[in-house]
Structure formats: C-alpha cells, structure tokens
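Spelled out from the first residue to the last, the chains are:
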Amino acid sequence: LQLEALERVEKASTLSDLQDIRVAYLGKKGPITEVLRGMGKLSQEERPIIGELANKVREGIANELDVKKAKLEAKELDKKLEQETIDITLPGRPVQVGGPHLLTSIVQEIEDLFIGMGFEIREGPEVETDYYNFEALNLPKGHPARDMQDSFYITEDLLLRTHTSPVQARTMGEYKGSQPVKMICPGKVYRRDTDDATHSHQFTQVEGLYVDKDVRMSDLKGVLNSFAKQLFGEDREIRLRPSFFPFTEPSVEMDISCKVCNGKGCSVCKRTGWIEILGGGMVHPRVLELAGYDPKVYNGFAFGMGPERIAMLKYGVDDIRHFYANDVRFLKQYHKAE
Ligand code: PHE
C-alpha cells in the first residue's frame, strides 16, 4: 500500500493531484483509517503490531506528500515569476502633463512686473456692495456713467463687481488715510454684455493704485511705460489719450504701439498702429476724501487693464471666447515647457 501510494505521489504533477492522493490514502474513508478503525476486532497481541505498522505507513505517505508539495509549490512560483517578468525595453505610455491657463500665466507675469516695481498684491470680493463699486468711486446713484457698466444685481445694494476699482476704495479705507498705498489687484469682473469675439459677460482686470505725497502724472506714465516695455518688448511705445472716468481726474486711456502678427497677417491694429490696453488717471480728490485721505496732503494715480486684451495682443489670439471654452487644443499651445 505504501509503495503504491509513494509511486502515485512521485507521478503527481500538480498540487490538486497531491490533494486527491492525500484524501484517497489518508482521508476518513481511506484504507489506513479503515485499518485503524478495525483494531477493536484484533487480538491483544496483534493490536500494537498492526497499530505501529499502520502509523508508520501513514507517516511515510504523509512525509512524502509534504516533500512533494513543497517541490511543486516552488515550481509553480518559478513559473509565475517567469511569466510575470517585466519587459523593460517596452516604450512607456506618454504621460499627459497639464499647465497653467494662458490667462493665469499672463496675470502672473503682470503681477511679477509690478512686484518688481514695489507694488503689493491685493484681492477683493466679486460680490460687491453698490457703495464700493460705485458710490465710493464718485459714481453716485443716477450718475450716467453707471449705464456704461450695465450690471448683474443680486439685491438693490449688492452686485457682481463691474470692475476691480472698488478694491482701490477698500484698500485706502483699510489704511485709514494715514500711509501710502501701492497695490495691484487682479480679479474677475462682470458686465451685462453680449458675448462676442471681443466682449464677455465675465472677464479679468488688473487694477493698480499708488497713493502718496507728490505723486504726478509723469509717475503714472513712467510706471506704465516700463510695464509695457517689459511685457511686450523694448521697441514698444505707449501713448496717453485724454478720457473720462468719474474716479480719476484727469483721466487717460493708454494705447500701445502694435505689431501683432499671426498666420493671417498683422490685422488687429493695421488701421492705426495703436491699440488701447488700459484706462487710468490721477485719483479724484473726492475718492481720496471718501476713503479718509486728505487730498491736500495725498494724491495718487490709478489704472485698470484687461489681461485678456493683453494676452490677445501678445499672442495674437483673435477671439476672447477662446479663454473660457477650455478647449485643450487652444490652451496647450501656451503651456511653457518647464
Ligand atoms: N475701472 C475702469 C474700467 O473698468 C478702469 C480704470 C481703473 C480707470 C482705474 C481709471 C482708473 O473701465
């Protein structure tokens, strides 16, 4: 019996074969169990002899089964390892890398330039009070210039800000009329405009404000000139034209000499050679006063620019809606290699 069993163990080639053999010989219904069960029928002298023999046979088979099991397991592991080897010569799958949105990059670039000129970065709420959005900027209720910034009202007194200028009033208010202010504020603004290639109901502005003693128009011009040259190149010129804003006096609009050329030619400003990129001026004495500054001691300049406009000009983007459509084919053209 033992020999027969050992021969089968020898031939077994899988772990499940071994299990079958174990059940057949050593299981509850196997021959050895049967012998041991029949012990009661044997004589006193026969019992120890048969018992010992049966146990020996059982042990012998069990041992052999264990040895073979270990061998088969090792073999199976080898096989698995062999099948799962990694082919390090296979080319990898390309990893999709994202990057900052063109608008984010341009705003960062603008921020960096102004930080370099000593400005701090400020923020303000997008849901603004009528007071800060208009009133504090010398735009009382009923002022005709409010119409130009047709607005999204939330209540009679709350609206989505139509420009970043309220942050001027907020910042000056925080400083309580007692110290110079030199800040820029990037952020989203909202107007009830119909979207087309050059208009969007939501867009971005960067506000600038410098309040101190003896600030002059020439300081405004110097800062903006330096900014324009750093952003667009040394060969660019700026031009200030008289304009009107209720919160600045005098007010200007700034044009930059332009030579935007893309595949289709240099169409954006072919007509005049100049393109408007911001509005600004000397802070109106009334605005200073409302914020707690004495206009006889302090004065300043302010400006507001549109980063979309600037990015369109710098990169030859022909439709403002590209910034918001989130078409990766557009966006990834402007991802800078890290
Ligand atoms: N807030 C003005 C606008 O949105 C721009 C501006 C800012 C003009 C600061 C003057 C001074 O058109």
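Residues numbered from 1 in each chain as written. Predicted model: local features only at pLDDT ≥ 70, side-chain atom pairs only at ≥ 80, totals over all residues. Heavy atoms only, no water.

As annotated in an unreviewed UniProt entry, the chain carries the name Phenylalanine--tRNA ligase alpha subunit and comes from Aquibacillus halophilus. A UniProt comment under Catalytic activity (unreviewed entry) is attached to the chain, and it reads "tRNA(Phe) + L-phenylalanine + ATP = L-phenylalanyl-tRNA(Phe) + AMP + diphosphate + H(+)". (UniProt positions renumbered as here; feature names shortened; annotations may be inferred.)

Caption draft 1: Geometry of the pattern of salt bridges. Under the counting rule described, the total for this entry stands at 16 salt bridges. The salt bridge involving Asp-319 is made with Arg-321; its shortest N-O contact spans 2.8 Å. For Asp-319, a relative accessible area of 15% puts it in the buried group. If you follow the salt bridges from partner to partner, you end up with Arg-239, Arg-241, Glu-253, Asp-255 and Glu-276 in one network. (Salt bridge = Lys/Arg side-chain N within 4 Å of Asp/Glu carboxyl O. Buried < 20%, exposed > 50% of the residue type's maximum accessible area, 1.4 Å probe, protein only.)

Caption draft 2: Region of the structure containing the site of the ligand. Surveying the vicinity of the ligand reveals 15 residues, the closest of which are His-163, Ser-165, Arg-191, Gln-205 and Glu-207. Note that a nitrogen atom of the ligand is positioned 3.0 Å from one of the side-chain N or O atoms of His-163. Ser-165 places a polar side-chain atom, nitrogen or oxygen, 2.9 Å from a nitrogen atom of the ligand. Burial of the ligand by the surrounding chains reaches 91%, relative to a free accessible area of 330 Å². Elements represented by at least two residues in the shell around the ligand include exactly strand S5 (202-212), strand S8 (274-283) and strand S9 (299-305). A total of three residues in the shell around the ligand trace back to one element, the largest contributor, which is S9. For the shell around the ligand, the per-class residue count stands at four nonpolar, nine polar and two charged. (Near = heavy atom within 4 Å. Polar contact = N/O pair within 3.5 Å; in protein donor to acceptor, adjacent residues only side chain to side chain. Areas by Shrake-Rupley, 256 points an atom, 1.4 Å probe, with all protein chains shown as cover. Helix = DSSP H or I, 4+ residues; strand = E, 2+ residues; numbered from the N terminus. Nonpolar A, V, L, I, M, F, W, Y, C, P; charged D, E, K, R; others polar.)

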